[in-house]
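# Descriptive analysis of the structure
Each chain, written out:
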Amino acid sequence: MPRKLLVTSALPYANGAIHLGHLVEYIQTDIWVRFQRMQGHEVLYVCADDTHGTPIMLRAQAEGITPEALIERVYGEHTRDFFGGESAAAGGKLGGFMVSFDNYHTTNSPENRAFCEDIYRRLKERGLIDIRSVEQFFDPVKAMFLPDRYIKGECPKCGAKDQYGDSCEACGSTYAPTDLKHPYSAVSGAAPVRKASEHHFFRLSDPRCEQFLRAWTQGGQHVQPEAGNKLKEWLGAPGENKLADWDISRDPPYFGFAIPDTGGSKFFYVWLDAPVGYFGSFRNYCERTGKSQAEIDAYLRPGGDTELVHFIGKDILYFHALFWPAMLEHAGYRTPSKVYAHGFLTVNGEKMSKSRGTFITAQSYLELGLNPEWLRYYYAAKLGSTMEDIDLSLDDFVARVNSDLVGKYVNIASRAAGFISRQFDGELAYAGDTVSLVEGARATAAAVRDLYDAREFGKAMRLVMETADRINQEYDRHQPWLLAKDPQRRGELQDCCARALYGFKLLSVLLAPVLPRTAQNVARSLFGMERDFAWDDALALPERIQPYRHLMTRIDAKQVSALIEANKESLQPVLPASPARHGEQQQHAEKPATAAHITIEDFAKLDLRVARIADAEHVEGADKLLKLTLDVGALGTRTVFAGIKAAYDPATLKDRLTVMVANLAPRKMKFGISEGMILAASDDSGGPFLLAVDDGAKPGMKAK
RNA sequence: GGUGAUGUAGCUCAACCGGUUAGAGCGCCACACUCAUAAUGUGGAGGUUGAGGGUUCGAGUCCCUCCAUCACUACCA
């Protein structure tokens, strides 16, 4: 019985170009989708641009255009990269990277708005929406609330200037925007002020949500085992109530959908309407193709026999495995059947980097004339069913594609077709037993089918290439180039070439989900079919061929070098990149390498002082911390929390002299502000041991 | 600091519930072949499975410690 599958890839954010990191997901999903279609299942593969939120709004302002104009332009770029643009959509989705969406929509659509409003209203009816006051940074010049990423200032830890409100690129520490020293708005440069506003929350902490999610995420039905473990961590132990309510509203100005009944004073947070965009795109497709309401409901209401399958990056598991199913469940919609998370892409073993030129855009890859099927194959060869990261090793990419695809696979057709065309006018004929030949193919196809279905593409590719090796070996064994010289042995020649070409057909069917364009060429141009391959074509012996035309060229390593060169850039984005977002895999900033040595100037930045421990006390509820009051002479007294409880009794510390870092940025900790740091030594064998100061030193003296 | 993942030949990866001399492809060396847009075949070299302990008749596989990388996280400051 055919399955009915509604499949999605995460929505790419409409403020940037598609790059090779994104493509892991779209290629992975597309291979799976094409495979399922070949099995005869009904598949709807939908996606959309994720178009709302502050980054889009500000970017449009910076460019002096409306947000609508911006997202329309980006829509054109994204669809071009994915499948050659809207104009190519009707032609079989073999442009761009050949991602075969049935529908590619936008979240800024009436369909999406209707779903968002409906879901919100239903959640509200069920008492799962709370309204609470929240205090946030506000830009008085632009008259807008600022997301964390738009507040910059000095890192509270290392003092680096111009750091974002959530983490420091210099030292890698994370903190709240309120921790920043000298904060300023990245939008206007003004000093932000604290301001309260009412926010709408989805009550994820409600027992109904927790209970549902505990059941939904465990048991291995919906997510991979590793993802299940991660989710378990986030859910905490039963009763622990680790899930925090989710803030789903934003204040204007905001590019997005107004929340119903707020008179336009509140907007849905982009992360609410993004996943809902899957449904919006689906509905748009249904309306476009004249589907009935009953058919639509079969996909959206609980209890149907359809499957909803999401492919995502592991960075957005939280949204897709917690917020999203909980929202759907309590709003009366069906919940996802599967959420499949993949890992990040690294290039040459490292994070993609603009300075190294490994932050490669889809557009540059295509414009430089690299074949998208090369990348599709390489990703397929590397992908498995887990959340593990995959590495694009560029040397390996060249070697692997050339050897597997050209040397092994395409070469089979190239070497056997010539004899058939020249000596037999394209006629294939088989001598002797063909039953075991077809049975062998059947077994291979079945094994590959199971691997595709389980998303074990790497294993599938290995099996396909083993098969290609065997076909080459078998062909060699008959030495057709010798048979061709002996008129008595024409039958043998024709047979071994026919068998090789049947093998080639088998391989082409098995590779069709990965290499759709080549497979189409093989089916139509070589085997003269009037349609594309179906899975069962793997079992049908071909009877004749058209003259062979070369199917795929090798990668020249120079093309890859040119690609790297083309992507090396020093241009900084006009505005800060948005944080992890729908389909926005790995936009993490690179951390600069730490220098092995520091200069004397670096050292001079440290203000080390002799401190007298004026008071030391236990902290209620703290396992490791002691609260110290330090006398630092002329600098006055400082409160410092030190993690030395295990080694020191407060009573013994009083009046001891030790060394502190006096100019360390104050750090808000659970039990108060710590205004410095005392020095202590420790390693595996023991510690911590406080540093002592020889007699004669006075509190406040500088250590250098 | 904690939790989890990863660490296997030069490169990319395999190895079911622990079970014979740890496999494959690429690369490399030699040979063969010439049908194929230098593709193919045969053979070979190459690994103390990150390090060190332990359990076992037997460990890449299980346990402990450590190291490295990555992710998440925190009451290191």
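Our subject is the structure listed above.
Here the structure is a predicted model, which means the values were calculated and not measured.

### Side note on the overall build of chain A
- Helix and strand content of chain A: 21 helices and 26 strands.
- By the burial criterion, 52% of the 704 residues in chain A qualify as buried.
- In chain A, 73% of the contacts between residues at least 6 apart in sequence involve partners at least 24 apart.
- Only carbon and sulfur atoms are counted for the fraction: they give 51% of the accessible area of chain A, which is about 30,300 Å².

### Some thoughts on the sheet that holds strand β10 (residues 246-247)
- The strand order across the open sheet built from 4 strands is β5-β4-β9-β10, with neighbouring strands paired in antiparallel fashion. The sheet is open, and its two borders are formed by β5 (144-145) and β10, each paired with just one other strand.
- Bridge count for strand β4 (residues 129-139) against β5 is 2 bridges, and the pairing is antiparallel. If you follow Phe 138 over to β5, its bridge partner there is Phe 145.

### Some words on the packing of helix α1 (residues 20-38) against helix α12 (residues 372-382)
- Running from amino to carboxyl end, α1 crosses α12 at an angle of 80 degrees, the nearest separation of the two axes being 10 Å. As far as their axial angle goes, α12 and α1 are roughly perpendicular. Between α1, through Leu 20, Leu 23, Val 24, Ile 27, Asp 30, Ile 31 and Arg 34, and α12, the contact on the second element is made entirely by Leu 375, Arg 376, Tyr 379 and Ala 380.
- Class assignment of the residues belonging to the contact of α1 with α12 gives a composition of 8 nonpolar, no polar and 3 charged.

### A few points about the pairing of strand β19 (residues 637-642)
- Bridge count between strand β18 (residues 626-631) and β19: 6 bridges; the pairing is antiparallel. Following the sheet pairing, Leu 628 is matched in β19 by Val 640.
- The antiparallel hairpin formed by β18 and β19 contains 5 residues in its connecting segment, where Gly 633 sits at a positive phi of about 60 degrees.

### Observations regarding the nonpolar core
- If you look at the biggest cluster of nonpolar residues, it comprises 184 residues, and the most contacted ones within it are Leu 23, Phe 202, Trp 246, Leu 375, Tyr 379 and Phe 397.
- Looking at which element gives the most residues to this core, the answer is helix α13 (residues 394-424), with 15 residues.
- Once residues within four sequence positions are removed from consideration, Leu 375 is found in contact with Leu 20, Leu 23, Ile 27, Phe 97, Tyr 365, Leu 392 and Phe 397.

### Observations concerning the protein's contact with RNA strand B
- Around RNA strand B lies a shell of 41 residues, among which His 550, Arg 554, Ala 642, Gly 643 and Gly 676 are the nearest.
- Here the atoms of RNA strand B within 4 Å of the protein split so that 73% fall in sugar or phosphate, with bases taking the remainder.
- A distance of 2.9 Å separates a phosphate oxygen of RNA strand B from a polar atom in the side chain of Lys 351.
- Here a sugar or linking oxygen of RNA strand B sits 3.2 Å away from a polar atom, N or O, in the side chain of Trp 481.
- Tallying contributions element by element places α13 first for the surface near RNA strand B, with 11 residues.
- The residue makeup of the surface near RNA strand B, split by class, is 13 nonpolar, 11 polar and 17 charged.

### Describing helix α18 (residues 516-526)
- Buried residues of α18: Pro 516, Thr 518, Ala 519, Val 522, Ala 523 and Leu 526, and no others.
- Looking at the buried positions of α18, the neighbouring elements they touch are α1, α12, α13 and α17 (490-511).
- Gly 528 sits one or two residues past α18 and shows a positive phi near 65 degrees.

### Some details on the environment of Ala 523
- Position of Ala 523 relative to the elements: it lies in helix α18.
- When its relative accessible area of 0% is taken as the criterion, Ala 523 is described as buried.
- Counting along the chain gives 85 residues from Ala 523 to Leu 608, while the straight-line C-alpha distance between them is 75 Å.
- Contact partners of Ala 523, with chain neighbours within four places excluded, come to Gly 528, Met 529, Arg 531, Asp 532 and Phe 533.

Calculation rules
- Residues numbered from 1 in each chain as written.
- Chains lettered and ligands numbered in written order.
- Predicted model: local features only at pLDDT ≥ 70, side-chain atom pairs only at ≥ 80, totals over all residues.
- Heavy atoms only, no water.
- Helix = DSSP H or I, 4+ residues; strand = E, 2+ residues; numbered from the N terminus.
- Buried < 20%, exposed > 50% of the residue type's maximum accessible area, 1.4 Å probe, protein only.
- Contact = heavy atoms within 4.5 Å.
- Areas by Shrake-Rupley, 256 points an atom, 1.4 Å probe, with all protein chains shown as cover.
- Pairing = 2+ DSSP bridges.
- Axes fitted to C-alpha atoms, helices over the stretch in contact; angles between N-to-C directions.
- Parallel < 35°, antiparallel > 145°, perpendicular 65-115°, else oblique.
- Nonpolar A, V, L, I, M, F, W, Y, C, P; charged D, E, K, R; others polar.
- Core = buried A, V, L, I, M, F, W, Y, C linked by side-chain atoms within 4.5 Å.
- Near = heavy atom within 4 Å.
- Polar contact = N/O pair within 3.5 Å; in protein donor to acceptor, adjacent residues only side chain to side chain.

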